[in-house]
Amino acid sequence: MPDAAPPLPDLPPYHLGINGQIKGPFNVEEILDMMDAGEIDDKTLGWTAGMADWTAIGELDDFEPIFANMPPPMPGRV
C-alpha cells in the first residue's frame, strides 16, 4: 500500500467571498490550507467559471467529499 494519499483531482480554481471581498482564484489545496487555518469554513461562498451564482463551498460537488467526513462543530463553537 502507498504511504501517501493519491493526488487530488485537477479541479478548477475558485474565487472565495472572504470578509465581504472577492479573493482568489485559489486551487483546492490552498482552500484546504485556509480551512485548516480556520480562515474559512463550509459556509464560505465560492464561485468558479460556469457557475450561475455564489454557493457555500460545503454545498459544492468538488468539496462534498471533504465535508462529508468532517465531525460536527464542538459545542459552543460556530
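A. Spotlight on unusual backbone geometry. Following Gly 24, the chain continues to Pro 25 via a peptide bond in cis, the omega torsion being 15°. Secondary-structure assignment places Pro 25 in strand 2 (residues 21–26). At Asn 19, a residue that is not glycine, the phi angle is positive and equals roughly 55°. Note that Asn 19 resides in the loop between strand 1 (14–18) and strand 2. Residue Asn 19 is classed as exposed on the basis of its relative accessible area of 76%.

B. Structural view of helix 1 (residues 28–36). Of all the residues in helix 1, the buried ones are Val 28, Ile 31, Met 34 and Met 35. The buried side chains of helix 1 occupy one side of the element, clustering within an arc of 120° when seen end-on. Residues Glu 29, Asp 33 and Asp 36 are exposed on helix 1 and point more than 90 degrees away from its buried face. For helix 1, the N-terminal cap is Asn 27; the gap from its side-chain oxygen to the backbone nitrogen of Glu 29 is 3.0 Å.

C. Fine view of the nonpolar core. With 14 residues, the main nonpolar core has Leu 16, Ile 31, Met 34, Ile 40, Ile 57 and Phe 63 as its most contacted residues. At four residues, the largest contribution of residues to this core is made by helix 1. Beyond its immediate chain neighbours, meaning those up to four positions away, Phe 63 contacts Tyr 14, Val 28, Ile 31 and Ile 57.

D. Spatial organisation of the pairing of strand 1. Where burial is concerned, the two faces of strand 1 differ: the one with Tyr 14, Leu 16 and Ile 18 is buried and the one with His 15 and Gly 17 is not. The pairing of strand 1 with strand 2 spans four bridges and is classified as antiparallel. Residue pairing for strand 2: Leu 16 is matched across the bridge by Lys 23. The hairpin turn running from strand 1 into strand 2, its antiparallel successor, is two residues long, and Asn 19 in that turn takes a positive phi close to 55°.

Rules used in this analysis
Residues numbered from 1 in each chain as written. Predicted model: local features only at pLDDT ≥ 70, side-chain atom pairs only at ≥ 80, totals over all residues. Heavy atoms only, no water. Helix = DSSP H or I, 4+ residues; strand = E, 2+ residues; numbered from the N terminus. Buried < 20%, exposed > 50% of the residue type's maximum accessible area, 1.4 Å probe, protein only. Arc of directions from axis to C-beta. Polar contact = N/O pair within 3.5 Å; in protein donor to acceptor, adjacent residues only side chain to side chain. Core = buried A, V, L, I, M, F, W, Y, C linked by side-chain atoms within 4.5 Å. Contact = heavy atoms within 4.5 Å. Pairing = 2+ DSSP bridges.

Functional significance is not addressed by these values, which are geometric in nature.
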